[in-house]
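Overview (structure and organization)
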Amino acid sequence: MTITTTREAELLATIPTGLLIHGVWRDATGGETFGVVDPATGETLAQVADASPADAVAALDAAVGAADEWAATPPRKRGEILRRAFDLTIARADDLALLMTLEMGKSLPEARGEVTYGAEFLRWFSEEAVRISGSYGTNPEGTGTTIVSHRPVGPCFLITPWNFPLAMATRKIAPALAAGCTVVLKPAELTPLTSLAFAAILIEAGVPAGVVNVVTTTDASGVSSAVMADDRLRKVSFTGSTPVGKILLKQAADNVLRTSMELGGNAPFLVFDDADLDKAVDGAMLAKFRNIGEACTAANRFFVQSGVADEFAARLTARVEALRVGRGTEDGVSIGPLINEAAVSKSAELVGDAVSRGASVLSGGSAVDGPGTFFEPTVLTGIQPGTRLLREEVFGPVAAIATFETETEGVEMANDTEFGLVSYAFTTDLARGQRLIASLRSGMLGLNSGVVSNAAAPFGGVKSSGLGREGGAQGIHEYLDTSYTFVPLTTSDDA
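Residues numbered from 1 in each chain as written. Predicted model: local features only at pLDDT ≥ 70, side-chain atom pairs only at ≥ 80, totals over all residues. Heavy atoms only, no water.

Focus: the side chain of T160
The condition is simple: Helix and strand labels come from DSSP, where a helix needs a run of H or I of at least four residues and a strand needs a run of E of at least two; each type is numbered from the N terminus. Burial classes: relative accessible area under 20% of the type maximum marks a residue as buried, over 50% as exposed, and values in between as partly exposed (1.4 Å probe, protein chains only).
Position of T160 relative to the elements: it lies in the loop between β7 (156–159) and α6 (167–179). Judged by relative accessible area, which is 4%, T160 ranks as buried.

Describing the pattern of salt bridges
Here is the rule we go by: By definition here, a salt bridge exists when the distance from a side-chain nitrogen of Lys or Arg to a carboxyl oxygen of Asp or Glu is within 4 Å.
Following the criterion strictly, the structure yields 27 salt bridges and no others. One salt bridge in this structure joins R83 and D87, with 3.4 Å as the shortest N-O distance. Of the two residues, R83 and D87 are both situated in helix α3 (residues 75–91); the distance of four residues between them amounts to about one turn of the helix. R83 gets classed as partly exposed once you look at its relative accessible area, which sits at 34%. By relative accessible area, which is 39% here, D87 ends up partly exposed.

Some points on the state of the cysteines
How we decide: Disulfide assignment relies on a single distance test, namely cysteine sulfur atoms paired within 2.5 Å.
Following the criterion strictly, the structure yields zero disulfides and no others. Looking at the unpaired C156, the closest cysteine sulfur is the one in C181, lying at 4.0 Å. A relative accessible area of 1% places C156 in the buried class.

Concerning the packing of aromatic side chains
What counts, and what does not: For this analysis, a ring pair means two rings from Phe, Tyr or Trp (six-membered ring only for Trp) whose centres lie within 6.5 Å, classed as stacked if their planes differ by under 30 degrees, edge-to-face if by over 60, and tilted for the remaining angles. Geometrically, a charge over a ring is one whose NZ (Lys) or CZ (Arg) sits within 6 Å of the ring centre while staying within 35 degrees of the ring normal.
Applying the stated criterion across every chain yields a total of eight aromatic pairs. Ring plane angle 35° and centroid distance 6.3 Å describe the contact between F302 and F312, whose orientation is recorded as tilted. With F302 in strand β13 (residues 299–305) and F312 in helix α11 (residues 306–321), this pair connects stretches of sequence that are ten residues apart. Classification of F302 as buried rests on a relative accessible area of 0%. For F312, a relative accessible area of 0% corresponds to the buried category. Three or more aromatic residues link up through ring pairs in this structure, and these residues are F269, F302, F312, Y424 and F426. The aromatic ring of F459 is capped on one face by R171, whose charged end is 4.0 Å from the ring centroid. Sitting above the plane of the Y479 ring, K235 keeps its charged end 4.9 Å from the centroid.

Digging into the sheet that holds strand β24 (residues 480–488)
Note: strands within a sheet are paired through backbone hydrogen bonds, in either parallel or antiparallel orientation. What counts is decided by this rule: A strand pair is defined by DSSP finding two or more bridges across the two strands. What counts as an axis is a line fitted to C-alpha atoms, over the stretch in contact for a helix, and the angles between N-to-C directions run from 0 to 180 degrees.
With antiparallel pairing, three strands are arranged side by side in an open sheet as β5-β6-β24. Each end of this open sheet is capped by a strand with a single partner; those strands are β5 (135–138) and β24. Strand-to-strand twist of the sheet, defined as the mean angle between neighbouring strand axes without regard to direction, takes the value 15°. Bridging between strand β6 (residues 144–152) and β24 involves nine bridges; their strand directions are antiparallel. By the bridge assignment for β24, S149 is matched with S483.

Here we look at helix α10 (residues 277–289)
Defined as follows: The span you would expect from a helix comes to 1.5 Å times its residue count less one. Polar contacts, as counted here, are pairs of nitrogen or oxygen atoms within 3.5 Å of one another; within protein the pair requires one atom able to donate a hydrogen and one able to accept it, and residues that are adjacent in sequence qualify only if both atoms are side-chain atoms.
In this model α10 runs 17 Å from its N-terminal to its C-terminal C-alpha over 13 residues, within 8% of the 18 Å that 1.5 Å per residue would give. Residues of α10 that are buried include every one of L277, A280, V281, G283, A284, M285, A287, K288 and F289, and no others. Where α10 starts, the residue carrying a side-chain oxygen 3.1 Å from the main-chain nitrogen of D278 turns out to be D276.

Quick look at the packing of helix α13 (residues 407–415) against helix α14 (residues 430–439)
Test applied: Any angle that is under 35 degrees is reported as roughly parallel, and any over 145 degrees as roughly antiparallel; angles of 65 to 115 degrees are reported as roughly perpendicular and all others as oblique. In this scheme the handedness of a crossing depends on how the near helix is turned from the far one: anticlockwise by less than a right angle means left-handed, clockwise means right-handed. Residues count as neighbours in contact if any of their non-hydrogen atoms are within 4.5 Å of one another. Just so you know the grouping, Ala, Val, Leu, Ile, Met, Phe, Trp, Tyr, Cys and Pro go in nonpolar, Asp, Glu, Lys and Arg go in charged, and all remaining residues, Gly too, go in polar.
Where α13 contacts α14, the two axes come as close as 11 Å, and the packing angle between them is 30°. On the basis of their axis angle, the class for α13 and α14 is roughly parallel. Of the two possible hands of crossing, α13 and α14 adopt the one that is right-handed. Residues E407, V411 and N415 of α13 touch α14, and the partners they reach there are R432, R435, L436 and S439. Of the residues in the contact of α13 with α14, the class split is two nonpolar, two polar and three charged.

Okay, here's the thing in structure tokens:
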């Protein structure tokens, strides 16, 4: 498969490919570039600038230089700029969706859904910009007044993953700008084009030079280390793997940086005997196979109560076998390519481990011959204790089903993981649902729902799944420092 349409070629020709530093698109210092590859074809889509650590520091220079003026910009004006960015993003939804499909692989309908979801952070935080508030009151002793206010934390370093190229950028940039912070964005090496296109939208929307800077690079560790070692940086926000997050947390400690970490997940999906199986299967298809299974929120470990286990597995398998695998630009495709060969190898390896321990393959289970990096959507049953799928995040279209007998056992199996990003549970018992809210150890819960993400809700996890929250009323406070002032009571004698 190759790029054959004029539409795709014309779109790619419009995307900036340089570094954005202080409002100017420029080459990397040494002129280095790297290729962005379509995972469905193996074809190079574009060459983009490959930033050095020195380039990244130059981007931070720009963010620092613009920080005071942007922080002093009226909240209404910041909000209006974000609202214009929302309008422009929605107006260019088709272009952004196609671009994501080309560089990441997801189907066009899913890419359009990401544009809608990602744009909503721009609209939400355009409204939150004018709602940053504090408090004023008398202290308990009656000796004075306490004033609590909030101010921008300062320049921020934002690191985004490859699997949601637009939404992960908007989810970080929008609250940062709404709060009055300037930023340096480092998009993932595998999918930088969408971030570059979005940065161009921000410039068009009126974001001043230096407020948003973008560095694309193949030297992620070198660039990140250089920026985070600079004591002018005040915050880092990262979405990605737990091992990398731990490294960044250690680096952040040196300058006591504010941190937001949205890390790995290995979400459990519980189905109880009393569940509405139609809703449970619908939820499973969304929670597992959305974004080709390449999502930190993806349901990986399916725990089904024994009374409905066979029926659930049969219904899920029938739905999975109807999925079409192919390039995401093709009509009717639901499962696009995995991001690269390493992802295919990992899926195959984890399926092989499960089968070697006694699991059965009901559907799929193998890589698809190239070109492209495809893996069949897969359903496994009979998952045994010790299977790697119960411990490791697969990041692919593989659903692994194990059974349980009692609610207590199901909850224990669900919680038996280092991760705690999201859980899913299906039951028609209201009391059980209330118990699950209290007993499942994760930052989010989809109760009779296979999708939890929403710009108006706080997104984030516990345990090794991270720190802090993105979205919701909480999201903007990740970019604000709290300031307390005490004013002694003035008496008539003082006057």
